Amino acid sequence: PCAMANLAIVGPDRAFVAWTRVVPPLVVRTRRPGDRLRPLGLRGSKKLQDLFVDGKVPREERERTPVVTDQQGILWVPGFRVDERGRVGDATQAVLALTVHRDVESPRL
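Residues numbered from 1 in each chain as written. Predicted model: local features only at pLDDT ≥ 70, side-chain atom pairs only at ≥ 80, totals over all residues. Heavy atoms only, no water.

A.B. asks: Would you mind showing me how to read unusual backbone geometry here?
C.D. replies: Cis rather than trans, the peptide bond between P24 and P25 has omega equal to 5°. Mapping P25 onto the fold places it in the loop between β1 (14-18) and β2 (27-29). Backbone geometry places K56, a non-glycine residue, at a positive phi of 55°. For K56, the position within the fold is in the loop between α1 (48-54) and α2 (59-62). (Helix = DSSP H or I, 4+ residues; strand = E, 2+ residues; numbered from the N terminus.)

Listed below in structure tokens is the structure:
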């Protein structure tokens, strides 16, 4: 297996996505009604709202959780999941490392 395959492991503050699948520019924003994500390793898409509810994220934190998007949609929700579109695999030649730096007073930011 390719050494880069291990980069697909997502920590709460860091994610790796296949660079060739990114459609710049990247934007960091908060969630919007109807936002959907295709979580790595799961079939189909999932509403961000459902992801937060399943993760027992308090309502006030949901409003502050950053969402990293490109021109095609959500790529990563820090602390949760990377979108399937950004999957790093054996054929991946370049990766984009994404890191979030959290504020001590606001752990989701």
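Alright, that's what it looks like, and here's the rest.
A.B. asks: So what exactly am I meant to see when it comes to the nonpolar core here?
C.D. replies: Across soluble globular proteins, nonpolar side chains show a tendency to be buried alongside one another. Core analysis: the largest hydrophobic core is formed by eleven residues, namely A15, V17, V22, L40, V68, L75, W76, V82, L96, L98 and V100. Taken together, the elements giving at least two residues each to this core come down to β1, β6 (73-76) and β7 (95-99). Beyond its immediate stretch of four places on either side in the chain, V17 contacts V22, V82, G86, V88, A94, V95, L96 and L98. Listed in part, the nine residues of the second largest apolar core include L51, F52, I74 and V77. (Core = buried A, V, L, I, M, F, W, Y, C linked by side-chain atoms within 4.5 Å. Buried < 20%, exposed > 50% of the residue type's maximum accessible area, 1.4 Å probe, protein only. Contact = heavy atoms within 4.5 Å.)

A.B. asks: Is there a simple way to explain the packing of aromatic side chains in this structure?
C.D. replies: Each aromatic ring pair is characterised by the separation of its centres together with the angle its planes make. The full count for this structure, using the stated rule, is one aromatic pair. An angle of 65° between the planes, with centres 5.2 Å apart, marks the rings of F52 and F80 as edge-to-face. Here the residue F52 occupies a position in helix α1, and F80 occupies one in the loop between β6 and β7, the gap between them amounting to 28 residues. Assigned by exposure class, F52 and F80 land together as buried. (Phe/Tyr/Trp six-rings, centres within 6.5 Å; stacked < 30°, edge-to-face > 60°.)

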